[in-house]
Amino acid sequence: MATFAKPENALKRAEELITVGQKQEALQALHDLITSRRYRAWQKTLERIMFKYVELCVDMRRGRFAKDGLIQYRIVCQQVNINSLEEVIKHFMHLATERAELARNQAQALEEALDVEDLEADKRPEDLMLSYVSGEKGKDRSDRELVTPWFKFLWETYRTVLEILRNNSRLEALYAMTAHRAFQFCKQYKRTTEFRRLCEIIRNHLANLNKYRDQRDRPDLSAPESLQLYLDTRFEQLKVATELGLWQEAFRSIEDIYGLMCMVKKTPKASLMVVYYGKLTEIFWMSSNHLYHAYAWLKLFSLQKGFNKNLSQKDLQLIASSVVLAALSVPPYDQSYGASHLELENEKERSLRVANLIGFEVEPKAENRVVLSRSSLLSELVSKGVMSCVTQEVKDLYHLLENEFLPLDLALKVQPVLTKISKLGGKLASVSSVPEVQLSQYVPALEKLATLRLLQQVSQVYQTIQIDNISKMIPFFDFTVIEKISVDAVRRNFLAIKVDHMKGAVFFGKQSIEAEGLRDHLSLFAESLSKARMMIYPPAKKAAKLGDALSNLAEIVEKEHRRLLARKSIIEKRKEEQERLLLEMERVEESKRRELQKLTEDAEQKRIAAEYEQRRNQRILKEIEDRELEEAQAMLQEAEKRSKRKKKPVLEGEKMTKQVIMELALNEQLRERQEREKKLQKFAKTMDHLERAKREEAAPLIEAAYKQRLAEEAALHEREQQQEVELSRQRHAGDLEEKKRLGRMLENKRILEERVVSSREAEFNRLKRERQERISQIIQQRKQEREARRKMIFFLRSEEERQKRLQEEEEARKREEAERRKKEEAERQAKLDEIAEKQRKRMLELEEKERREKEEILRRPIAGLAKSTAEPPTLGGRPTELGGTAPVPAAAAAAPAAGRYVPRHLRGKVDAAAPVAPPPETDRWGGSGSKPDDRPSWRDERKPTSFGSGSRTSWSGSRR
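Here the residue numbering is sequential within each chain, running from 1 through the sequence in written order. Only residues with pLDDT of at least 70 get local features here, since the model is predicted, and only at 80 or more are side-chain atom pairs given and counted; chain-wide, interface and lining totals rely on the full set of residues. Side-chain metrics in this entry use all non-hydrogen atoms of the structure; hydrogen atoms and water are not considered.

### Thoughts on the packing of aromatic side chains
Phase 1: The criterion for an aromatic pair is that two Phe, Tyr or Trp rings (for Trp, the six-membered ring) have centres within 6.5 Å, with stacked assigned to planes under 30 degrees apart, edge-to-face to planes over 60 apart and tilted to the rest. Using the criterion set out here, one finds eleven aromatic pairs in the structure.
Phase 2: Pairing Phe151 with Tyr189 gives two aromatic rings, centres 4.7 Å apart and planes at 80 degrees, and the pair type is edge-to-face. Taken together, the residues Phe151 in helix α8 (residues 139-164) and Tyr189 in the loop between α9 (172-188) and α10 (192-211) connect sequence positions 38 residues apart. As far as the burial class goes, Phe151 and Tyr189 line up, both buried.
Phase 3: Considering the side-chain rings of Phe476 and Phe477, the 6.2 Å spacing of their centres and the 70 degrees angle between planes classify their relative orientation as edge-to-face. As far as the burial class goes, Phe476 and Phe477 line up, both buried.
Phase 4: Ring pairs connect the aromatic residues Phe151, Trp155, Tyr158, Phe185 and Tyr189, which therefore count as one cluster. A run of H or I in DSSP counts as a helix once it spans at least four residues, and a run of E counts as a strand once it spans at least two, with each numbered from the N terminus. Note on classification: 1.4 Å probe, protein chains only; a residue is buried when its accessible area is under 20% of the maximum for its type, exposed when over 50%, partly exposed between these limits.

### Some words on the nonpolar core
Phase 1: We define the nonpolar core as a collection of buried residues of types Ala, Val, Leu, Ile, Met, Phe, Trp, Tyr and Cys that are connected through side-chain atoms lying within 4.5 Å of one another. Formed by 155 residues in total, the largest nonpolar core has its most connected members in Tyr53, Phe195, Tyr276, Trp297, Leu397 and Val414.
Phase 2: If we ignore the near neighbours within four places in the chain, the residues touching Phe195 are Phe183, Cys186, Gln237, Val240, Ala241, Leu244, Leu246 and Glu249. The contact definition used throughout considers only heavy atoms, calling two residues in contact when any of these lie within 4.5 Å.

### Let's talk about unusual backbone geometry
The bulk of non-glycine residues show a negative phi, and the bulk of peptide bonds are trans.
Phase 1: Residues other than glycine seldom take positive phi values, yet Arg61 does so here, at roughly 55 degrees.
Phase 2: The backbone phi angle of Lys190 is positive, close to 55 degrees, even though this residue is not glycine.
Phase 3: Within the secondary structure, Lys190 sits in the loop between α9 and α10.
Phase 4: You can call Lys190 exposed: its relative accessible area is 58%.

### Observations regarding the pairing of strand β4 (residues 497-500)
Phase 1: Strand pairing is assigned whenever DSSP detects at least two bridges linking the two strands. In this structure, β4 lies alongside strand β5 (residues 505-508), joined through four bridges in antiparallel fashion. Bridge pairing in β5 places Asp500 opposite Ala505.
Phase 2: Turn length for the β4-β5 hairpin, with the two strands adjacent in sequence and antiparallel, is four residues, and the turn residue Gly504 shows positive phi of about 70 degrees.

### Looking at the environment of Val54
Phase 1: Secondary-structure assignment places Val54 in helix α3 (residues 44-60).
Phase 2: In this structure the C-alpha to C-alpha distance between Val54 and Leu27, which are 27 residues apart in sequence, comes to 9.2 Å.
Phase 3: Here Val54 is in contact with Leu70, Val88, His91, Phe92 and Leu95, once residues within four sequence places are set aside.

### With respect to the confidence of the model for the protein
Phase 1: Confidence of the predictor at the level of single residues is captured by pLDDT, which takes values from 0 to 100. With 74% of its residues at a pLDDT of 70 or more, the protein has an overall mean of 76.
Phase 2: By mean pLDDT, the top-scoring element of the protein is helix α27 (residues 746-859) (92), and the lowest-scoring one is helix α29 (residues 890-894) (39).
Phase 3: Low pLDDT (under 50) marks residues 108-113, which in the prediction has 13 contacts with non-local residues, meaning those over four places away or in another chain.
Phase 4: Every residue in residues 132-139 scores below 50 in pLDDT, and together they form five contacts with partners more than four places removed in sequence or on other chains.

### So, the packing of helix α2 (residues 23-35) against helix α4 (residues 63-77)
Phase 1: Note on method: axes are straight lines fitted to C-alpha atoms, helices fitted across the in-contact stretch only, with angles between N-to-C directions ranging 0 to 180 degrees. It is the contact of α2 with α4, at a shortest axis distance of 9 Å, that shows an interaxial angle of 25 degrees. Relative to α4, the element α2 lies roughly parallel. For α2 against α4, the interelement crossing comes out left-handed. Each of Gln24, Leu27, Gln28, His31, Ile34 and Thr35 in α2 lies in contact with α4, whose residues at this interface are Phe65, Asp68, Gly69 and Gln72.
Phase 2: Here the term charged refers only to Asp, Glu, Lys and Arg, the term nonpolar to Ala, Val, Leu, Ile, Met, Phe, Trp, Tyr, Cys and Pro, and the term polar to all other amino acids, Gly among them. Tallied by class, the residues present in the contact of α2 with α4 amount to three nonpolar, six polar and one charged. Note that the term roughly parallel is reserved for angles under 35 degrees, roughly antiparallel for angles over 145, roughly perpendicular for angles of 65 to 115, and oblique for everything else. The handedness criterion is simple: a crossing whose near helix is rotated anticlockwise from the far helix by less than a right angle is left-handed, and one whose near helix is rotated clockwise is right-handed.

### With respect to the pairing of β5
Phase 1: Direction of pairing for strand β3 (residues 464-466) relative to β5: antiparallel, over a ladder of three bridges. Its bridge partner being in β5, Gln466 is matched across the sheet by Ala505.

Here's what the structure looks like:
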């Protein structure tokens, strides 16, 4: 990390690196300066550095660097100069938007270039596969690579700015402006995924703002300016959501606005509330919730009538008609009939929530509850005078559907009224929040209501009616649709109808399984039977509790024993699990320790590299300072030559730099400029007096010339007007003559036109036939090519499968051969081990036999030895029956006995009688002091040892 004495040096260093093309190093140098703790005092140079920094970030698309730098700069200028941060952020967004627009203009196919599901996601797998398969990149992929990265960076820019400004009370306007621009970005390019994320980000910012109320620079929502900015942002969010068709997000935006209003307990302006209720009508209509849609229309009507002074009578009539038709479109039966208890509770909560959003207070207590229903809505429309503002067609429709009893021709009378209503509507000139009203959208719901009313009235008059008559009475729908509507009405307990298709009739009545009286007949019958059985067969008296306990005691003990065993096993499992977890924790800690050690080593290496880089930078800076000092001396000499005034002498000890000399020159230029400005001001004052005197003298002359010019121009205008009239008459007469002359050519023109059209039609038919023939030939040729390609692909795949099968067989054969060799090697090794074991046992037996012979010889008395040596040999050198040994050769007798003491007068005899023992080994009993081992060593060190005069040889080696 490079250190600079002044921020200007860092900026100069960055510009030098940019000049030589090292933008990454320049960005890193500025980043180190901005994040350093040495430069936390704001100055104008830091603002210039931030401008250069954000330019580099935009140029290299480094969003993370930009975010870090802006956060650090916010800390620096939060309390000193917050306007500087605002300027830097505006410059940052301007650069990002400009580069994105430039990339957009360069792309020729924007829709294909922006066909990406998520701007924050990485490249899709199919894109990577396509880029590897195809050698050349197509135009669409080049457009995608050109445009999409810049739009991703622009989206990241908006997110970064919103994150930085989210809790800054001094930059609320900039926060709102950024949010509006992000909304427009999503709207312009149809970015629905990013719009949802943006709404969630803004929602989280507001939640955190309310959660952490003790922050230093937290915005105060109780202030009118802050509340207005937040409400404007939410209303813009609501408008964009409805334009993009994101109705769920629009409803959440409505809830956000309502939450803000509840938070500050202040109703916004009427213009905003009109937009609020206008969007609510669209949302409820899209969700097919006609009741809440009608209530929202009623609120909108009340606001327009009470606050809109420019509202025309026609617009008021359209809005009132929409309110009444929306209320009539609500189904006349209870939607929650037959629902479960959980569904009813959820419906109550939803009704309370939506009623609060609409602005109708619903009491939570049952006795004081104001229920939002169709009947209460219609009565409220009548009481508030809405019916007096609607058109005559809507009044007639309301009267027919709600007040008239026409069981046979209700639908026939409603149909022409609906036809007239469907033609009503249009744009509202005096209502900006609802630009257009179309009453035709309510016609399907009104037709369904007319059908239900007719069926209800017919059920009150008739018990049975033919299906054909029903179809004739209801011209809106087929009988299949009427049957579906009837089924829904029966399920909601609005009608009682049975349809018999075999008889072709419809039966009306209340005595059905769905009726109230027979709905619970089976459960009531079961309860009655249970009570009767209890009366006939009363239950026996309860036995003693002690007897029951004793009878089940063994079972209880056994059950308790099994429970204890199970508990014991569970405890053991838990202990084992705990031990396993401890071992796992130890293993994790060990891995962490190793990782920490590795990180420490990496940090040490980085520190060494950083020190090396720092020394290199210091050396470069020293060279730059030396060069600047030389340039400063040269500039000082030139300034002394050019200067005509007496300069202030420079002290010898001062360090004259290029910056100091430039400041001196600038001061001199500033002084000269001030003197020139004073002279110019004095001259301007003199000229001002002179000009005023001239204008006072010229004013009467100008007035006289103006009046004379007016008279001349009036006469000229009259003369030119008369000339124009005469010319117009002459031109009209000439045009009439020309029309008569050209009228004689109309027949010839028609004949020529028919001839040209016929010839062109024949040529067109000929070209069409030729084109069809070419197309058929091309199709046949492509079929042949596809067939040949398929055959080639089949042949190649078959050949690949055959080669693969042969390769697998060869590999299997090699594996079998290797296994067989391994098996043979194992058998051979086993045989060798068996032979070695036999040899070892045989050598052990020989050594044991030798050891016994030595002990026997040593136990014999010395006298016996002397006697045996005096006797002559009788068996030819073999041992006799009395235990003696045959005489040994002179060489053997001369060998001294090792390992025991023999007197001098008996040494010769003993040497002749006793067998020569092998020489003691230094590593067996004595020399090295190591413990003997019974196992022989099968080395190449083999020494023959003679026992007596025989030729037996034993193999002795060093023991392990």
